[in-house]
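Given next are the chains, with one letter for each unit.
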Amino acid sequence: MKPIRFSKHAEEQARERGATTAEAAEAIRKGAREPAKHGRELCRYNFSFGRKWQGKSYAIKQVAPVIMEKANEIVVITVYTFYF
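These remarks concern the structure in this document.

About the cut-offs
- Residues numbered from 1 in each chain as written.
- Predicted model: local features only at pLDDT ≥ 70, side-chain atom pairs only at ≥ 80, totals over all residues.
- Heavy atoms only, no water.
- Helix = DSSP H or I, 4+ residues; strand = E, 2+ residues; numbered from the N terminus.
- Buried < 20%, exposed > 50% of the residue type's maximum accessible area, 1.4 Å probe, protein only.
- Contact = heavy atoms within 4.5 Å.
- Polar contact = N/O pair within 3.5 Å; in protein donor to acceptor, adjacent residues only side chain to side chain.
- Phe/Tyr/Trp six-rings, centres within 6.5 Å; stacked < 30°, edge-to-face > 60°.

1. Here's the deal with the environment of Y83
So, point 1. Mapped onto the elements, Y83 comes out in strand β5 (residues 74-83).
So, point 2. Of the residues examined, Y83 reaches a relative accessible area of 15% and is grouped as buried.
So, point 3. Once the C-alpha coordinates of Y83 and R40 are considered, the two residues, 43 residues apart in sequence, prove to be 23 Å apart.
So, point 4. If we ignore the near neighbours within four places in the chain, the residues touching Y83 are R17, G18, F49, W53, Y58, I60 and K61.
So, point 5. A polar contact is formed between the side chain of Y83 and the backbone oxygen of R17, at a distance of 2.9 Å.

Okay, here's the thing in structure tokens:
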């Protein structure tokens, strides 16, 4: 697999939304991919969570990085998280 590079925005958004760059990288490697705007891809991967996030308890945390695959690397544009 190509090396993964996180934009500064992606690092900030991951942290703000409760994900780590390691989780985002795992979502890229193991997650389901779907088309996103501007020729990008969204990768979704569910992690067992079993904790509270912003005062509510959730069993699952889904980490969903948006990537652009280039010839020699994968660039992470942003990282979304969903809790359920």
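Don't stop here, the text continues.
2. Examining helix α2 (residues 21-30)
So, point 1. Those residues of α2 that sit buried are E23, A24, A25, A27 and I28.
So, point 2. Against β1 (4-6), β2 (32-35), β3 (41-53), β4 (56-69) and β5 lie the buried residues of α2.

3. Focus on the packing of aromatic side chains
So, point 1. What the rule picks out here adds up to 4 aromatic pairs.
So, point 2. On the numbers, 5.3 Å between centres and 65° between planes, the contact of F49 with Y83 is edge-to-face. Of this pair, F49 sits in strand β3 while Y83 sits in strand β5, and the two are 34 residues apart along the sequence.
So, point 3. With a centroid separation of 5.6 Å and 50° between ring planes, the pair formed by Y58 and Y83 is classed as tilted. On the criterion of sequence distance, the pair formed by Y58 in strand β4 and Y83 in strand β5 is long-range, its members being 25 residues apart.
So, point 4. Through a chain of ring-to-ring contacts, the aromatic side chains of F49, W53, Y58 and Y83 assemble into a single cluster.

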